[in-house]
Amino acid sequence: MSVDKTQQSREQTRAELAETLDALAHKADVKGRARAKAQQTWSEAQQTWSEASSRVDPKVAGAACGAVVVMVVGLLMWRHRR
């Protein structure tokens, strides 16, 4: 084996080792991966909420809120009379 081939082999081995170490470091960083997953989930939830809220008719949402308030007040009055 020539000196050039040996040197190429060493460089390739070093590159593979560096790649393996990077992968292991990433896998060992549980806190960082959890933080990244939480940020991704939060972003997806915000996007979903934004899309959903743009499709809701404000009049329907107001009527639904009003109905809930009337039901809660009625329930409280009923419980108070008992």
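Not measured: the values here are computed from a predicted model.

Caption draft 1: Expanded view of the environment of S50. Here S50 shows up in helix 2 (residues 30–55). Distance in space between the C-alpha atoms of S50 and Q8 is 54 Å, their sequence separation being 42 residues.

Caption draft 2: Inspection of the confidence of the model for the protein at higher detail. When pLDDT is averaged along the protein, the result is 90, and 99% of the positions lie at 70 or above. Per-element averaging of pLDDT across the protein places helix 2 at the bottom with 89 and helix 1 (residues 3–28) at the top with 93.

Caption draft 3: Geometry of a nonpolar patch on the surface. The grouping of L17, L21 and L24 at the surface amounts to a nonpolar patch, some 300 Å² of accessible area in total. In this fold, L21 is placed in helix 1.

Each value, and the rule that gives it
Residue numbers here run from 1 along each chain, matching the order of that chain's written sequence. Residues qualify for local features only when their pLDDT is at least 70, as the model is predicted, and side-chain atom pairs are given and counted only at 80 or more; totals for whole chains, interfaces and linings, by contrast, use all residues. With hydrogens and water excluded, all non-hydrogen atoms of the structure serve as input to the side-chain values. Helix and strand assignments come from DSSP, with helices taken as H or I runs of at least 4 residues and strands as E runs of at least 2, each series counted from the N terminus. Per-residue confidence from the predictor is given as pLDDT, running between 0 and 100. Patches in this entry comprise residues that are over 30% relatively accessible and not in a salt bridge; like charges within 9 Å are linked, as are nonpolar side chains (Val, Leu, Ile, Met, Phe, Trp, Tyr) within 5 Å. The protein chains shown are the only cover counted for residues, whose accessible areas, like all others here, come from Shrake-Rupley with a 1.4 Å probe. Salt-bridge detection follows one rule: a side-chain nitrogen of Lys or Arg within 4 Å of a carboxyl oxygen of Asp or Glu.

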